[in-house]
Amino acid sequence: IASPFMLVTAIAIKAYDGGPVLYSQKRLTTGGRVFKVYKFRSMIVDAEKKSGATLAKKNDSRITPIGKFIRKTSIDELPQLINILKGDMSVVGPRPLLVEYLPLYSKRQRHRHDVRPGLTGLAQVKGRNGLGWEERFEWDLRYVKRISFRMDLYILVETVRTVLKREGIHSEGCETMEKFDGKR
């Protein structure tokens, strides 16, 4: 089902500037193990090397016009289907976070790594990037404690609604989510 969207997106990204279609970044999976998460590239080539920033601010000039569209529609996340097939991720679970955040978690927050990270999760349908970090962790931990097939179905249905309504895409001041600093 996702193949036509992925093909058109890949062609558009390549045609825009000739750079790589995919972007990979180290993230954490079950037990805090590191893996590479794949996304469609939404920024200019080598954006992190040029600015040193890993997170985009609102109206960030590093984001390409195609990148703005694929982020708004969440198409940039579709290559994570590769991560699901590889077993690094699940369809539903807490979103995989940056490796640099691991030392900043409280003992309780580390339990989000008791299950595989997901393409979508409870925090995404409860506010997505519009949530603060503390609230996001609470939804992730609630999912880990109450994981069930029924909850996964609920999250999948709500994900479709959330993506179609384009809710919670941005946090205040950031294109996606502000950096986690470990403060509780």
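Presented here is an overview of the structure given in this document. (Residues numbered from 1 in each chain as written. Predicted model: local features only at pLDDT ≥ 70, side-chain atom pairs only at ≥ 80, totals over all residues. Heavy atoms only, no water.)

### Comments concerning the side chain of Glu 77
No. 1: Tracing the backbone through its elements, the reader meets Glu 77 in the loop between helix H3 (65-72) and helix H4 (80-86).
No. 2: On the basis of relative accessible area, Glu 77 is assigned to the buried category, the value being 19%.
No. 3: Of note is the side chain of Glu 77, whose polar atom sits 2.8 Å from the side chain of Arg 95. (Helix = DSSP H or I, 4+ residues; strand = E, 2+ residues; numbered from the N terminus. Buried < 20%, exposed > 50% of the residue type's maximum accessible area, 1.4 Å probe, protein only. Polar contact = N/O pair within 3.5 Å; in protein donor to acceptor, adjacent residues only side chain to side chain.)

### Thoughts on the nonpolar core
No. 1: Formed by Val 92, Val 115, Leu 122, Ala 123, Val 125, Leu 131, Trp 139, Tyr 143, Val 144, Met 151 and Ile 155, the largest nonpolar core amounts to eleven residues.
No. 2: Elements that contribute at least two residues to this core include exactly helix H5 (122-125), helix H6 (133-146) and helix H7 (149-165).
No. 3: Those residues in contact with Trp 139 that lie beyond four places of it in its chain are Leu 122, Ala 123, Lys 126 and Leu 131.
No. 4: Judged by nonpolar contacts, the second largest core, of nine residues, contains Ala 2, Met 6, Phe 40 and Ile 70. (Core = buried A, V, L, I, M, F, W, Y, C linked by side-chain atoms within 4.5 Å. Contact = heavy atoms within 4.5 Å.)

### Examining the packing of helix H1 (residues 3-17) against H3
No. 1: Look at H1 against H3: their axes get within 10 Å of each other, and the N-to-C directions meet at 155 degrees. Considering their axes alone, H1 and H3 lie roughly antiparallel with respect to each other. Considering how the two elements wind past one another, H1 and H3 form a crossing that is left-handed. When H1 is examined against H3, the residues Thr 9, Ala 12, Ile 13 and Tyr 16 are found in contact with a partner set consisting of Pro 65, Ile 66 and Ile 70.
No. 2: Considering only residue class, the contact of H1 with H3 consists of six nonpolar, one polar and no charged. (Axes fitted to C-alpha atoms, helices over the stretch in contact; angles between N-to-C directions. Parallel < 35°, antiparallel > 145°, perpendicular 65-115°, else oblique. Left-handed = near helix turned anticlockwise from the far one by under 90°. Nonpolar A, V, L, I, M, F, W, Y, C, P; charged D, E, K, R; others polar.)

### As for the pattern of salt bridges
Side chains that differ in charge, positive against negative, can pair when their charged atoms come close.
No. 1: This model, assessed by the stated rule, comprises eight salt bridges.
No. 2: Its salt-bridge partner being Lys 39, residue Glu 77 comes within 3.5 Å of it at the nearest N-O pair. Of the two residues, Glu 77 is situated in the loop between H3 and H4 and Lys 39 in strand E2 (residues 34-40); the sequence distance between them amounts to 38 residues. Just as Glu 77 is buried, Lys 39 falls in that class too.
No. 3: Several salt bridges converge on common partners, so that one network encompasses Lys 39, Glu 77 and Arg 95. (Salt bridge = Lys/Arg side-chain N within 4 Å of Asp/Glu carboxyl O.)

### Remarks on a positive patch on the surface
No. 1: A cluster of basic residues, Lys 126, Arg 142, Lys 145 and Arg 146, forms a positive patch on the protein surface.
No. 2: Positionally, Arg 146 belongs in helix H6.
No. 3: Classification of Arg 146 by relative accessible area gives exposed; the value is 53%. (Patch = residues over 30% accessible without salt bridge, like charges linked within 9 Å, V, L, I, M, F, W, Y side chains within 5 Å. Areas by Shrake-Rupley, 256 points an atom, 1.4 Å probe, with all protein chains shown as cover. Lys, Arg positive; Asp, Glu negative; His and termini not counted. Charge placed at Lys NZ, Arg CZ, Asp CG, Glu CD.)

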